[in-house]
Amino acid sequence: FRRREGIVHMCRQSEDPAGQRWLDVGCGTGRLSRALARRGCTVLGFDASPEMIRVAMAESSAEQLATAPEFRLLPVDEIRTLGKFDGILCNSVLEYLEDPDACIAACVECLRPGGRLLVSVPNQNSFLRKTLLFTHSITRALTGRGWPGYISLSRNQYRPGDFIKLLQQHGLKIERYFYLGGPFPTWIQDIRFVGSLFMCVARLPDAKTSPEPGEFTTAGHQ
């Protein structure tokens, strides 16, 4: 999460985030929501887990932020009811959904023109991800319970190039991308066949910044 916080901070350095409205989809314990709130953003985080929301609210209260995030207990399919946002976080959420494409479409619909989507998914090319999948299958066969447990709920993984194309199909312009995840130094995580997660920073163009055809190439990321 320190790596993710660093990426969120990096994306905000080029502009003043104060007053921006952000949505944290599947906020979990609210760590990234609080990171945005510290930068002056108004943040709404939601999760389908009552325990996650309870912890998020308690952590936010303990930190005593000047503008604390708001947390709600909601399912992912309620995104469209929440209004428009300058930015949306969707980290380690799509892998658990039956219809991740619908979630991306809902996020795009809720972005204001020029707004950013920061989204992470499992990196199918990662040797660490492949090792975790293998370990889960072996431990499940031997004990009846696979380890790590979350793998049994992880439905979707992506080759980075395919995921970039998917975001582009939804009208998003890819600004930056990162590889991350695993018990390694940052420079090792950022090797495309190491990091178990692939994170994209994508922008919904406005009329003045519409992407040119072929502006971003996916070569080398399959």
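Conventions and cut-offs
- Residues numbered from 1 in each chain as written.
- Predicted model: local features only at pLDDT ≥ 70, side-chain atom pairs only at ≥ 80, totals over all residues.
- Heavy atoms only, no water.
- pLDDT = per-residue confidence, 0-100.
- Helix = DSSP H or I, 4+ residues; strand = E, 2+ residues; numbered from the N terminus.
- Contact = heavy atoms within 4.5 Å.
- Buried < 20%, exposed > 50% of the residue type's maximum accessible area, 1.4 Å probe, protein only.
- Pairing = 2+ DSSP bridges.
- Core = buried A, V, L, I, M, F, W, Y, C linked by side-chain atoms within 4.5 Å.
- Phe/Tyr/Trp six-rings, centres within 6.5 Å; stacked < 30°, edge-to-face > 60°.
- Salt bridge = Lys/Arg side-chain N within 4 Å of Asp/Glu carboxyl O.
- Axes fitted to C-alpha atoms, helices over the stretch in contact; angles between N-to-C directions.

## Describing the confidence of the model for the protein chain
Then, number 1: Averaged over all residues, the pLDDT of the protein chain equals 89, while 89% of them reach at least 70.
Then, number 2: Mean pLDDT values over the elements of the protein chain span from 71, in helix α1 (residues 2-12), up to 98, in helix α6 (residues 160-169).
Then, number 3: Counted against residues more than four places away or in other chains, residues 210-220, with its pLDDT under 50, gives 13 contacts.

## Here's the deal with the pairing of strand β7 (residues 197-203)
Then, number 1: Among the 7 residues in β7, 7 count as buried, and that is most of the element.
Then, number 2: The alternating pattern of β7 places Leu-197, Met-199, Val-201 and Arg-203 and Phe-198, Cys-200 and Ala-202 on opposite faces, both of which are buried.
Then, number 3: In this structure, strand β5 (residues 111-122) lies alongside β7, joined through 7 bridges in antiparallel fashion. Paired with Val-121 across the strands is Phe-198, a residue of β7.
Then, number 4: Bridge count for strand β6 (residues 173-180) against β7 is 7 bridges, and the pairing is antiparallel. Residue Leu-180 lies in a different strand from β7, and its bridge partner there is Leu-197.

## Points about helix α2 (residues 31-38)
Then, number 1: Within α2, 6 of the 8 residues are buried, which leaves the element mostly enclosed by the surrounding structure.
Then, number 2: Among all positions in α2, only Leu-32, Ser-33, Arg-34, Ala-35, Leu-36 and Ala-37 are buried.
Then, number 3: Two residues or fewer past α2, Gly-40 is found with a positive phi of approximately 95°.

## Here's the deal with the nonpolar core
Then, number 1: One finds Leu-23, Val-25, Ile-79, Ile-88, Leu-94, Phe-163 and Leu-167 to be the most contacted residues of the largest nonpolar core, which totals 35 residues.
Then, number 2: When contributions to this core are tallied by element, the ones reaching two or more residues are β1 (21-25), β2 (42-47), β4 (85-91), α4 (100-110), β5, α6, β6 and β7.
Then, number 3: For this core, the element with the highest residue contribution is α4, accounting for 6 residues.
Then, number 4: In terms of nonpolar packing, the next biggest core, distinct from the first, is built from 16 residues, Ile-7, Leu-36, Phe-178 and Leu-197 among them.

## Topic: the side chain of His-136
Then, number 1: As for its position among the elements, His-136 is in helix α5 (residues 127-143).
Then, number 2: If we ignore the near neighbours within four places in the chain, the residues touching His-136 are Gly-146, Trp-147, Pro-148, Ile-151 and Ser-152.

## Here's the deal with the packing of aromatic side chains
Then, number 1: Within the structure shown, the criterion is met by 4 aromatic pairs.
Then, number 2: On the basis of an interplanar angle of 80° and a centroid distance of 6.3 Å, the ring pair of Tyr-177 and Tyr-179 is categorised as edge-to-face.
Then, number 3: Pairing Tyr-177 with Phe-198 gives two aromatic rings, centres 5.7 Å apart and planes at 40°, and the pair type is tilted. Highlighted residues: Tyr-177 in strand β6 and Phe-198 in strand β7, separated in sequence by 21 residues.

## Examining unusual backbone geometry
Then, number 1: Cis peptide bonds are those with omega within 30 degrees of zero, and the linkage from Trp-147 to Pro-148 qualifies with -5°.
Then, number 2: With a phi angle near 55°, Gln-64 is a residue other than glycine that sits in the positive phi range.
Then, number 3: One non-glycine residue, Ser-92, lies in the positive phi region at around 55°.
Then, number 4: Along the chain, Ser-92 falls in the loop between β4 and α4.

## Topic: the pattern of salt bridges
Then, number 1: Within the structure shown, the criterion is met by 10 salt bridges.
Then, number 2: Salt-bridge contacts for Glu-175 lead to Arg-203; the nearest nitrogen and oxygen are separated by 2.7 Å. Here Glu-175 is found in strand β6, whereas its partner Arg-203 is found in strand β7, with 28 residues between them in sequence.
Then, number 3: Residue class for Arg-203 comes out buried when judged on its relative accessible area of 19%.
Then, number 4: Through salt bridges with shared partners, a single ionic network connects Arg-34, Arg-38 and Glu-63.

## Some remarks on the sheet that holds β5
Picture the strands of a sheet paired through backbone hydrogen bonds; they go either parallel or antiparallel.
Then, number 1: Taken in spatial order, the 7 strands make up an open sheet running β3-β2-β1-β4-β5-β7-β6, and their pairing is mixed. The two strands at the open ends of the sheet, each matched to only one other strand, are β3 (70-73) and β6. The mean inter-strand angle of the sheet, taken between neighbouring strand axes irrespective of direction, is 15°.
Then, number 2: Bridge count between β1 and β4: 4 bridges; the pairing is parallel. Directly across from Leu-23, in β4, lies its bridge partner Ile-88.
Then, number 3: Contacting β1, β2, β3 and β4, α2 runs over the sheet at an angle of about 175° to β2.
Then, number 4: Here α6 sits on the sheet in contact with β5, β6 and β7, set at roughly 25° to β7.

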